[in-house]
Amino acid sequence: MATSNNPPPPHADVAAWARNLTNKYTECINSKRSDALAARARNLSLDSPSPSPSSSFADLKKSPENTHSGSSSTPRPSSSRGASSSSSSSPSHALRKSKSKYALSSSREPEVGPDGLPGYSARSTAKVPTPPSDSASIKFHAVLRQLSLVPQKYENPGLLDEALAMVPLARIYSEADEESQIMQVEAVSLGKEKAKWGYQDCVIMALLKWFKRDFFTFVGNPPCQRCYAERRPHDTHSIGSTHPTPEEKARGASRVELYQCKNEQCGNQERFARYSDVWTLMQERRGRCGEWANVFSMLCRAVGSKVRWVWNSEDHVFTEVFSVHANRWVHVDVCEEAFDQPRLYTEGWGKKIAYCIAFSHDGCADVTRRYVRNPRRHGLPRTKCPEEVLLFMLNDIRAKRREGLSPEDLRRLEKEDRDEEKELRAYEIKSMVADGLIEPRSSRKEGEKRPRQSGPVDWKRRRGEAEDQLPEQSPLESPDHRMEQDGH
């Protein structure tokens, strides 16, 4: 039996040994990819008679620098100087010019896989995590790192106790218990094994209703307090923004919006400070979607649920709560009082989306596929960074958030990651079927696929029901194809 070159795992720290092997494998893949890219650059810069197999012929042909009048159809990279200077230039000089010519730009075209799907699609070409190298990618990495700090505030025990004290727990648990019993009775009456949602899910639904209707206030243009007190028209209009005062800054204000009363006889100005501190927001109890999602996520954590704070690149934030009963992450938008309605933004609001990134205290994930079920209709170009770089960023943040966790916790989180990927991939396949990119799998049972058995062959042939007249089975319905689609 062949022996493995890897040393046996130490009994002291198996997780560290496994991480070490994973890091070595990633380094090996990255070095191979770098060598391949360097070889491609050499082929292009040294005026080779034919491009590397991995180069795109169409891309070389489109480049004006690669068009040589009177030459053959095979494109050849050429310098901007004359022929004599090109022939006298050294190979190293040509290589340096080639690297600068093919460097990444901060303004990118949207990435599309070979099958025409967006770059984030799991069915596009397999991606290797790649560290950011250009300024735009490095800046986006810093933004994601900063956003990943938001859910860390929800783990403060003292803040959780203060948040829980603001919730009318008796009312919330009473409504949740009543709703849970109704769902259980409904499931039994329909012959189902379990209800659609569990008790903890009903707690979140009751909390959602209370928060929206009784606790927080949405602010568009803040009213003029002077006219409001005198019961006069109190509408205001925006006149810009200003820096927060020392007191506002101490309470966590990042900026302040200024509004002026529309009543010319009043002219009063109102300040609307945009706070990010959860404790301050629980005292203010007003704001827009950012403030709402921030406080509501904190309260969901306070009542014992796992939460994720979801950032959308089109200026929206909301919450995801993990349902133990359904074994998946559930969309919750407290501003809209929406529970498990992920297509609300694309199909309800008519919004197009590029990125939805979910952050929790122990991980992060690109959950765009949950909210963009039809990328061709509702997706926007993803130009913040290449998809391989985004994968590296998310892995980096996830690894930092999971440092020091026990092997049991790591295995649990990794299983949740795999289950979520299966869920997102199912959404993707369903979208491809709807777009006609693939045929749906047959829903017929094996017994329903047999030809007609009753009656003489001539009679069945006259009716078009003979076995040799049946349509051929689609290749997409074959067992081999189904196993391939399932990843076997």
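Structure: above.
Structural notes, computed from the coordinates. (Residues numbered from 1 in each chain as written. Predicted model: local features only at pLDDT ≥ 70, side-chain atom pairs only at ≥ 80, totals over all residues. Heavy atoms only, no water.)

Digging into the environment of E162
Looking at where E162 falls in the secondary structure, it is placed in helix α6 (residues 157–165). Separated by 120 residues in sequence, E162 and M282 have C-alpha atoms that sit 9.4 Å apart. (Helix = DSSP H or I, 4+ residues; strand = E, 2+ residues; numbered from the N terminus.)

Points about the sheet that holds strand β2 (residues 236–242)
One open sheet holds the 3 strands; their spatial order is β2-β3-β4, and the pairing between them is antiparallel. Here the strands that pair on one side only, and so sit at the sheet edges, are β2 and β4 (269–275). On average, each strand axis in the sheet is inclined to that of its neighbour by 30°, with strand direction left out of account. Both β2 and strand β3 (residues 253–261) contribute to a ladder of 6 bridges, which runs antiparallel. The residue of β3 that forms the bridge with S238 is Y259. (Pairing = 2+ DSSP bridges. Axes fitted to C-alpha atoms, helices over the stretch in contact; angles between N-to-C directions.)

Focus: the packing of aromatic side chains
Using the criterion set out here, one finds 18 aromatic pairs in the structure. Seen in terms of ring centroids, Y345 and W349 are 4.9 Å apart; in terms of plane orientation they differ by 75°. Their pairing is edge-to-face. For Y345, a relative accessible area of 1% gives the class buried. Overall, the relative accessible area of 37% leaves W349 in the partly exposed class. Note that R251 overlies the ring of Y275, its terminal NZ or CZ placed 5.3 Å from the centroid. We note K306 situated over the ring of F322; from NZ or CZ to the ring centre the distance is 5.1 Å. (Phe/Tyr/Trp six-rings, centres within 6.5 Å; stacked < 30°, edge-to-face > 60°. Buried < 20%, exposed > 50% of the residue type's maximum accessible area, 1.4 Å probe, protein only. Lys NZ or Arg CZ within 6 Å of the ring centre and 35° of its normal.)

So, the environment of M298
Inspection of the secondary structure assignment puts M298 in helix α12 (residues 289–302). According to the relative accessible area criterion, M298 is buried, its value standing at 0%. Put simply, M298 and L160 are 138 residues apart on the chain and 7.3 Å apart in space, counted from C-alpha to C-alpha. In this structure M298 touches K153, Y154, L159, L160, A163 and V278, once residues within four positions along its chain are discounted. (Contact = heavy atoms within 4.5 Å.)

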